[in-house]
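# Survey of secondary and tertiary structure
Below are the chains, spelled out letter by letter.
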Amino acid sequence: MKLYFLGGAMEIGGSCIYIRVLGKGILLDCGIRQTGSGDPLPDFCTIQEQGGLDAIIVSHAHMDHIGALPIISKAYPQARIYMTAMTAELTRVLLYDSLKIMSSKENEIPHYSEPDVQAMLGRVFPIGYQMPFPILDRFTLSFFPAGHIAGAACIYLTTEEGSLFYSGDLCAFPQRTIDGIRIPRLRPDVAITEATYGNRLHANRQAEEKRLVDLVGECVRQKKKILIPAFALGRAQEVLLILRAAIQNQEIPPVPVYVDGMIRAVNAMYTRNPTYLKNALGKRILKGNEPFYTEHIQPVTASRKREELLAGDDPVIFVSSCGMLTGGPSVQYAKHLIPSENACVIFTGYQDEEAPGRQLLNLVNCKAQSPEEPSCAPASLNVDGSALPVRCRVEQIGLSAHGDKSEITALLESLSPRHIFLVHGSEDSIHELGDELNTADYPRQVYLPECGQCYELELHAKRKQQLFLPMHTMRMGRIFTRADEKLLWSFWRQNYPDKTFSLAQVAYIWFGKTPTEFASDAAFHIREQASRLMEEIDGEHPHREAADGGQREKHDVVLQSMQRILLNSSYFSPNARRLFLIEANSTETVAEALTPKELTQQKLLDKVESVFPDCPYRKISYHNDRKEVVLQFDYPDAQDWDEFNKRATDFTNTTGWTIHISPSMNHSAASLLLSLLFGESVSKISYHPERKLYSVTLTEGEPSVTIERAAAQFQKATGWGLEANGQPLSQAQCPTEEEALSARDFFVPSEPAAAPMEQNMAFSYIEQAFEKLTHKPDKKSLKQDTQGKYMEIGFISPMIGRRYAEALQDAANRTGWRLHIAEKVSQNELIRIAQLLCMKYGIVLEKNPSYLPGKKLIQLKIKDSVTAGIQEKIEGKFQEMTGCACIFTD
């Protein structure tokens, strides 16, 4: 086994370790150096000289561990990239942000392009925690929670030539967003660990958080403006949760907290991946609650000018990237606040020696310790080319997410490797920790590598490995379905009482082999089976292409279909401490969950919305005595009764209630529709319910083609016939529902492409296209009609989507995909925005806002009267933010 240290040795930044074993080349991390001087890239020449690359394994998504991935992946496109699913999501966000930063720098050639990033992301293969996974012939990879940031993993690689443990960045103590490192009793021959704080013991975490809260509270009461530069990934989320709790507990006065920079995108990724977060936070998200933002904590939107937020004399808090003041919006805030005596800058993380943040801290510390020292006299700081006089208050709080000396030592004592390599730290830190480890009682060799060095290890007495695969398996030869829940639960309770497993381990129990092995060996079409199953579960089709002939896709859908069942099961639950682990419920819990319960009207409404998401009913009635729900439509005869009856059966099976459509036509709505179709030419309207026919008397002057077209529209909208001036109208052929859909809200590429862009790349492109726009798509999915596949783009409402017709048409042209605006309205988001606007203007609601799907509006029932001016402001702002209307009722 040969180890080449290409970066991140005797330094912090550019982490990159190349391993040659069994004739294969494996790369552990591939980061960049983020200092202003020196070569930012690892030594890739060594990889080329030593035989190339077969696999890349990534510990977590910080740029000093992923920043050079597009470069090396472009050079070795056949090498798969392994990381956790959360790390994959975060990597996409950070690398696209890196593209923006590189493109903004004049006279510098970017290290890579957007197509390079897109291609690299297509080679990512996500793996879950705690499941041995074969990545190459005679190589097995396992990930374990590292506790550093969400999705961070310690890497364990076993081969016939020995086993290797790589810590990446680790943190032993629990944070607010994630738990600490969780490592079973591994038996590595070689261990590579970080030593960022190898010569330091951390302060008590709770004491540091209290110090932050006390400091912020003091500055707010002094009416200071506060800047907290924070690393967008990890540290910022911790700071926001600390501030959120402090404001809720009235430890800090309720002042505006503005969140800026890439933090906003990372927050969205955290919200999308709750199972990688700490139990309480993950459950909050799973219940549909916002984890970071509140009435007082809000993201800075594109429409808000930073200069406006900085203006005024009131106290305000800015949490913004970058954490070292080397870039991002924090630089703009710093330029305004550093020269002000009425401001405070609070650092919460590591500061590189060359970073403006470190220079600011050094300057303030120098002045505090030696006020008369001449070298401390010029109290000015160069930030982004501007020399700023330093008049603000400057403080540092220890919220590190790295292990200290005691935690690193404890980890190594637990692993007991024969060979230890210390990386990711300053020379002082690494040498001090190395000296301490060399005094250990058991025999081991401690290495302190430098960049460019190679070590060849002959592992003569390789340690015997413990298997972490479940011993008892069911060896089922089929996809897991909801009908199999009780069967798996009974087997689990019998063979593994009180045990918890990762999703991949549960799959192993069911199949008797890994999901990939099962997908490869199965004699039937795994993808089609799993896809149909997932459509039954949540109506979505997991379209996903892979460059490896579908192996990754099959592996993913096998696990995804199982996960969707287990997370919504009466028989299983996420573990209370670690949401990525699953446990079998007790017999009592299952019995209680399966006991029929009386449904409240709200739960019935939620079920109606989920089973009939696109039904334009205008009113819903509940009849408890006969357990019946009645939907009233403006035009019941225009509904697809076959589809409704099919869904009604599902509704009854899951709720025990029947559901029907009221046959009564809304004649006021029909009359209004006729007036809209014919305008002032209508002199009389009458209807004949027994014939389901409307009659209109029209004045002279309307062309016959106009009348026939209006009649066709009326019949399609209402399901009733129409006659004019006593004469039945010849009906124009009504388009089918599919044809109508094709003509509405579709954006077709202006020039047909030979082949559309790969779908994941297209999704990423669309997301980037909307990044700087006020509204962004909240859902993207693949659909299919008679013309083939198309991408459906969901917004908070279709009305919002139509505002961006130009951007959508441009995206269609560039990706080669037909795009369609989803008709569905995000009901929960409408209600949330309405509640926030009411809180902002001090309006007390008598009950939660209600959504009227037929009219696409929110109804607000208020306790006290509201002035016309305030009501107009709320209605206008709501319309601007959502595209929908809101109305007030007493």
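Now for a description of the structure that goes with this document.

Calculation notes
- Residues numbered from 1 in each chain as written.
- Predicted model: local features only at pLDDT ≥ 70, side-chain atom pairs only at ≥ 80, totals over all residues.
- Heavy atoms only, no water.
- Pairing = 2+ DSSP bridges.
- Helix = DSSP H or I, 4+ residues; strand = E, 2+ residues; numbered from the N terminus.
- Axes fitted to C-alpha atoms, helices over the stretch in contact; angles between N-to-C directions.
- Expected span 1.5 Å × (residues − 1).
- Buried < 20%, exposed > 50% of the residue type's maximum accessible area, 1.4 Å probe, protein only.
- Contact = heavy atoms within 4.5 Å.
- Polar contact = N/O pair within 3.5 Å; in protein donor to acceptor, adjacent residues only side chain to side chain.
- 1 Å grid on protein atoms, 1.4 Å probe; cavity = no way out; pocket = protein on both sides within 12 Å on 5 of 7 lines; lining within 4 Å.
- Points joined across faces, edges and corners; volume = space filled by probe spheres on them.
- Nonpolar A, V, L, I, M, F, W, Y, C, P; charged D, E, K, R; others polar.
- Core = buried A, V, L, I, M, F, W, Y, C linked by side-chain atoms within 4.5 Å.
- Salt bridge = Lys/Arg side-chain N within 4 Å of Asp/Glu carboxyl O.

Let us now look at the sheet that holds strand 28 (residues 658-661). The strand order across the open sheet formed by 3 strands is 26-27-28, and the pairing between neighbours is mixed. Both outer strands of the open sheet, strand 26 (619-623) and strand 28, are each paired with one neighbouring strand and no more. Across the sheet, the axes of successive neighbouring strands diverge by a mean angle of 20 degrees, strand direction being ignored. Pairing analysis gives 5 bridges linking strand 26 to strand 27 (residues 628-632), with the strands arranged antiparallel. The partner of Y622 across the bridge, within strand 27, is V629.

Direction of pairing for strand 29 (residues 682-688) relative to strand 30 (residues 693-698): antiparallel, over a ladder of 6 bridges. Opposite V682, over in strand 30, you have L698 as the bridge partner. Where strand 29 folds back onto strand 30 in an antiparallel hairpin, the turn is made up of 4 residues, including K692, whose phi is positive at roughly 50 degrees.

This part takes up helix 6 (residues 205-221). With 17 residues, helix 6 ought to run about 24 Å at 1.5 Å a step, and its terminal C-alpha atoms sit 24 Å apart, in line with that. Every buried residue belonging to helix 6 is among R205, E208, E209, L212, V213, L215, V216, G217, C219 and V220, and all of these are buried. Those residues of helix 6 that are buried lie in contact with strand 12 (225-229), helix 7 (235-248), strand 15 (316-320), strand 16 (343-347) and strand 19 (393-396). The opening residue of helix 6 is N204, an N-cap whose side-chain oxygen sits 3.0 Å from the backbone nitrogen of Q206.

Turning our eyes to something else, we now look at the pairing of strand 15. The buried fraction of strand 15 amounts to 5 of the 5 residues, a majority that puts the element mostly inside the structure. Side chains V316, F318 and S320 of strand 15 all project onto a buried face; the interleaved residues I317 and V319 project onto the opposite face, where all are buried too. In this structure, strand 12 lies alongside strand 15, joined through 5 bridges in parallel fashion. Directly across from I228, in strand 15, lies its bridge partner V319. Here strand 13 (residues 257-260) runs beside strand 15; their pairing, made up of 4 bridges, is parallel.

Considered as a void within the structure, the second largest pocket measures approximately 780 Å³ in volume. For the second largest pocket, the lining is made up of 37 residues, of which T196, Y197, R200, Y350 and R358 are closest to its centre. Of the residues forming the lining of the second largest pocket, the biggest block, 3 residues, is contributed by helix 6. Partitioning the lining of the second largest pocket into residue classes produces 10 nonpolar, 17 polar and 10 charged.

Here the focus is the nonpolar core. L27, L28, Y270, I317 and V319 are the most contacted members of the largest nonpolar core, which totals 139 residues. In terms of residues, this core owes the most to one element, helix 4 (residues 85-104), which gives 9 residues. If we skip the residues at most four places from it in the chain, V319 touches I228, A230, V239, L240, L243, V257, Y258, V259, D260 and I263.

This part takes up the pattern of salt bridges. Between side chains of opposite charge, a pair can form as their charged atoms come close. Summed over all chains, the structure comprises 33 salt bridges. Residues R691 and E723 are paired through a salt bridge, measuring 4.0 Å at the closest nitrogen-oxygen approach. In this pair, R691 sits in the loop between strand 29 and strand 30 while E723 sits in strand 31 (residues 721-724), placing the two residues 32 residues apart along the sequence. E723 sits in the buried class, given a relative accessible area of 12%. Each of E89, R92, R272, E767 and K780 takes part in one network of salt bridges that share partners.

By themselves, these figures tell us nothing about what the structure is for.
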